[in-house]
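Descriptive analysis of the structure
The chain contents come next:
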Amino acid sequence: MKRKHLFISFILLLTITFVLSACSANNNKTTENKGDLLQEVKDRGVLNVGVMGTYQPYNFLNKDKKMDGFDVDIAKEIGKRLGVKVEFVAQEFSGMIAGLQAQKFDTVISQMTITDERKKQMDFTDPYMTNNVKVIVQQGNNTITSVNDFKGKDIGVGLGTNDETYLRTELLPKVGEFNIKTYDDVITSLKDLDVGRIDATINNMYAIKPIVEKNGFKIKTVGQPVKSDKAGIAVRKGNEDFVNELNKILKEMKSDGTYKKIFVKWFGEEPQA
């Protein structure tokens, strides 16, 4: 009986030791993974960047089926200064946050507007882009001159975007009920606007100008800017060193004129101060 008790005690001791070792290993792994994305990217030699891939001139597939645009050039320059290659992962904007958290890519450089709500889910660099959002209607529409005329109308907006949040949480309570129709890409919303399936949408001129010119849409912007959005580079939480390095690179790009060169290339004007 005594020998049996000793054997059971030995087994329990082994079990406790194994559990404690496993917990220790997991804790060490957590500690190692926290904040080491910068080194991981450098060791891998590749920075994986999430982009919509349908948002010209920010990020889109060019005629050679290669990812191109303002965001793409910014990402490539960052990769160059990190000493790594850059690979782009196309992702619908509505799934961008989930994709980042699932480690589908290391960072998002796709006009992700910095908001307090998003800061709870991921970390951001300093802003690298400012977009003025305006109301867009058909050329012959003179009844909608601002967001105050949205009541009872059908309004298109990008699914999962900051603009959608603005319409639902800020504008609806102010101007009265209107129908919100969501889209996965800008061009489809503008097509629907052009043929009258929706009454208006909100976006910025940088985003719609090349699409309008290419497709000949009969649409226009009206009124003053609805709001001004600042986009940042999004990174999974717990990677402070990586965010700091990205901020350092962005600052250097602005100081040495590289950022201005990229901005003028895509927008035909100098960036705001």
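Keep in mind that this is a model prediction, so the values were computed, not measured.

1. A word on the sheet that holds strand β3 (residues 59–61)
Strand order in the open sheet formed by three strands is β2-β3-β4, and the pairing between neighbours is antiparallel. Looking along the sheet, the strands with just one partner apiece sit at the ends: β2 (54–55) and β4 (67–68).

2. Some details on the nonpolar core
Leu47, Phe70, Ile78, Met112 and Met129 are the most contacted members of the largest nonpolar core, which has 59 residues in total. Those residues in contact with Leu47 that lie beyond four places of it in its chain are Val41, Ile78, Leu82, Val84, Lys85, Val86, Glu87, Asp106, Thr107 and Phe242. In this structure, Val135, Val137, Ile144 and Leu167 belong to the second largest nonpolar core, which totals 19 residues.

3. A few points about the pattern of salt bridges
Under the criterion given, the structure shown has 13 salt bridges. Between Arg81 and Asp256 there is a salt bridge, with its nearest N and O atoms 2.9 Å apart. Of the two residues, Arg81 sits in helix α3 (residues 70–82) while Asp256 sits in the loop between α9 (240–255) and α10 (258–267), which places them 175 residues apart along the sequence. With a relative accessible area of 28%, Arg81 lands in the partly exposed category.

4. Digging into empty space enclosed by the protein
Tallied over the entire structure, the rule returns one cavity of 30 Å³ or more. Those elements that provide at least two residues to the lining of the largest cavity are β6 (107–113), β8 (129–138), β9 (154–158), α6 (162–175), α7 (186–195), β11 (200–203) and β12 (219–235). For the lining of the largest cavity, the element with the most residues is β11, which contributes three residues. Residue composition of the lining of the largest cavity, grouped by class: 10 nonpolar, 10 polar and five charged.

Rules used throughout
Residues numbered from 1 in each chain as written. Predicted model: local features only at pLDDT ≥ 70, side-chain atom pairs only at ≥ 80, totals over all residues. Heavy atoms only, no water. Pairing = 2+ DSSP bridges. Helix = DSSP H or I, 4+ residues; strand = E, 2+ residues; numbered from the N terminus. Core = buried A, V, L, I, M, F, W, Y, C linked by side-chain atoms within 4.5 Å. Buried < 20%, exposed > 50% of the residue type's maximum accessible area, 1.4 Å probe, protein only. Contact = heavy atoms within 4.5 Å. Salt bridge = Lys/Arg side-chain N within 4 Å of Asp/Glu carboxyl O. 1 Å grid on protein atoms, 1.4 Å probe; cavity = no way out; pocket = protein on both sides within 12 Å on 5 of 7 lines; lining within 4 Å. Points joined across faces, edges and corners; volume = space filled by probe spheres on them. Nonpolar A, V, L, I, M, F, W, Y, C, P; charged D, E, K, R; others polar.

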